[in-house]
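If you want the building blocks of each chain, they are given just below.
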Amino acid sequence: LTLAVVLPQRNLTYPWAWPRVGPAVRLAAAAVNSRRDLLPGFTLGWVFGDSEDRHGVCSEMAAPLVAVDLRLSHHPAAFLGPGCVYSAAPVARFTSHWQLPLVTAGAEAHGFDDKSEEFGLTTRAGPSHRKLGELGVQLHRRFNWTRQALLVYWDEGMDDRPYYFAAEGLYVQLPTLRNLTVMDVVFRHGGNFSFIIQEIKAKGR
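Residue numbers restart at each chain and count upward from 1, following the sequence in its written direction. The model is predicted, so local features are restricted to residues of pLDDT at least 70 and side-chain atom pairs to those at 80 or more, both for listing and for counting; the totals for chains, interfaces and linings are taken over all residues. Hydrogens and waters are ignored; side-chain quantities use all the structure's heavy atoms.

An unreviewed UniProt entry annotates the protein chain as ANPRA protein originating from Oreocharis arfaki. Under Subcellular location (unreviewed entry), UniProt gives the following word-for-word description of the protein chain: "Membrane". UniProt positions are given in the numbering used here, feature names are shortened, and annotations may be inferred rather than shown by experiment.

Below, the discussion takes up the environment of Leu180. Looking at the secondary structure, you find Leu180 in the loop between α5 (162-173) and β7 (181-187). Taking the C-alpha atoms as reference points, Leu180 and Gly22, separated by 158 residues in sequence, lie 45 Å from one another. Sequence-distant contacts of Leu180, that is, excluding residues within four places in its chain, are made with His140, Trp145, Thr146, Arg147, Gln148, Ala149 and Leu174. Each helix corresponds to a stretch of at least 4 residues labelled H or I by DSSP, and each strand to a stretch of at least 2 residues labelled E; elements are numbered beginning at the N terminus. Pairs of residues are marked as contacts when any of their non-hydrogen atoms sit within 4.5 Å.

Strand order in the open sheet formed by five strands is β2-β1-β3-β4-β5, with parallel pairing between adjacent strands. Unpaired on one side and paired on the other, β2 (45-50) and β5 (122-124) mark the two borders of the sheet. Within the sheet, the average angular offset between the axes of one strand and its neighbour, ignoring direction, is 20°. Axes here refer to lines fitted to C-alpha atoms; in helices the fit is confined to the stretch in contact. Angles between the N-to-C directions go from 0 to 180 degrees. Against the sheet, helix α1 (residues 18-33) contacts β1 (2-7), β2 and β3 (78-80), and its axis sits at roughly 165° relative to β2. When DSSP finds at least two bridges between two strands, those strands are taken to pair.

Moving on: the UniProt feature "domain: Receptor ligand binding region" (unreviewed entry) in the protein chain. The positions UniProt marks with the feature "domain: Receptor ligand binding region" (unreviewed entry) are residues 21-155. In the segment residues 21-155, helix accounts for 39% and strand for 16%; the C-alpha atoms at its two ends are 27 Å apart.

As a further point, take the packing of aromatic side chains. Whether two aromatic rings pair depends on their centres lying within 6.5 Å, for rings of Phe, Tyr and Trp, where Trp uses its six-membered ring; planes under 30 degrees apart make the pair stacked, over 60 edge-to-face, and the rest tilted. Per the stated rule, a full pass over the model turns up nine aromatic pairs. Ring centres of Trp18 and Trp46 lie 5.3 Å apart, and the angle between their planes is 55°; this geometry places the pair in the tilted category. You can see Trp18 sitting in helix α1 and its partner Trp46 sitting in strand β2, a full 28 residues away along the chain. Relative accessibility thresholds used throughout: buried, under 20% of the residue-type maximum; exposed, over 50%; partly exposed, between the two (1.4 Å probe, protein chains only). A residue is classified by how much of its surface remains accessible, and Trp18, at 11% relative accessible area, is buried. A ring pair is formed by Tyr164 and Phe165, whose centres lie 5.1 Å apart and whose planes are at 80°; its orientation type is edge-to-face. Judged by its relative accessible area of 8%, Phe165 falls in the buried class. Only Lys NZ and Arg CZ are tested; either one counts as a charge over a ring when it is within 6 Å of the ring centre and within 35 degrees of the ring normal. Lying over the aromatic face of Phe143, Arg142 brings its terminal NZ or CZ to 5.4 Å of the ring centre. Geometry around Tyr164 places Arg161 over its ring, the cationic atom sitting 4.1 Å from the centre.

Moving on, we come to the packing of helix α2 (residues 62-74) against helix α3 (residues 85-97). Relative orientation of the contacting elements α2 and α3 amounts to 30°, with a least axis distance of 8 Å. As summarised for this structure, α2 and α3 are arranged roughly parallel, according to the angle between their axes. The handedness of the crossing between α2 and α3 comes out as right-handed. Along its contact with α2, which presents Ala63, Pro64, Ala67 and Val68, the element α3 presents Ser87, Pro90, Val91 and Phe94. Oblique is the label for any angle not under 35 degrees, not over 145, and not in the 65 to 115 range, which are roughly parallel, roughly antiparallel and roughly perpendicular in turn. Less than a right angle of anticlockwise turn of the near helix away from the far helix marks a crossing as left-handed, whereas a clockwise turn marks it as right-handed.

In structure tokens:
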């Protein structure tokens, strides 16, 4: 029985990088294999595929190609990873088509909440940005913030865009409060911070 692991091989800026997760995978496989009552007649093994590109960042191109290679070469029973949003999305679509479960500690974006079709076999073991949005809703109710909300976040439009997807959870959930206006202001490296402050002053009240 084979588990296909698709994670960043070297980049430790990702919490789900292989040097961090690999020891746990090895320990888990050893623990499962030491108990014959868990998977009688099977031995659990794993194969690894790197989801990084040549620059060492998560790649929405490398991850699905690696996943297809692992599927064709090893016929895994399940996938572990990817964790990055843009890498996880195409791989999760493939695994859904193959009728194989995918477990990830990442894929926090709001879109992965849709279990009706393409992400129906994706299980997230980590936090989701929808939960962050629900927390924002509860805070607005608790403090009676009922008129408007302004989301200010950093977004370079590169790599996995963590702040964009975090803000998305709030942006989608906050409008469930009736009559609440939600706006957003994006700032980037080298941006006009005076303009941003004026935007906050004008829209954040």
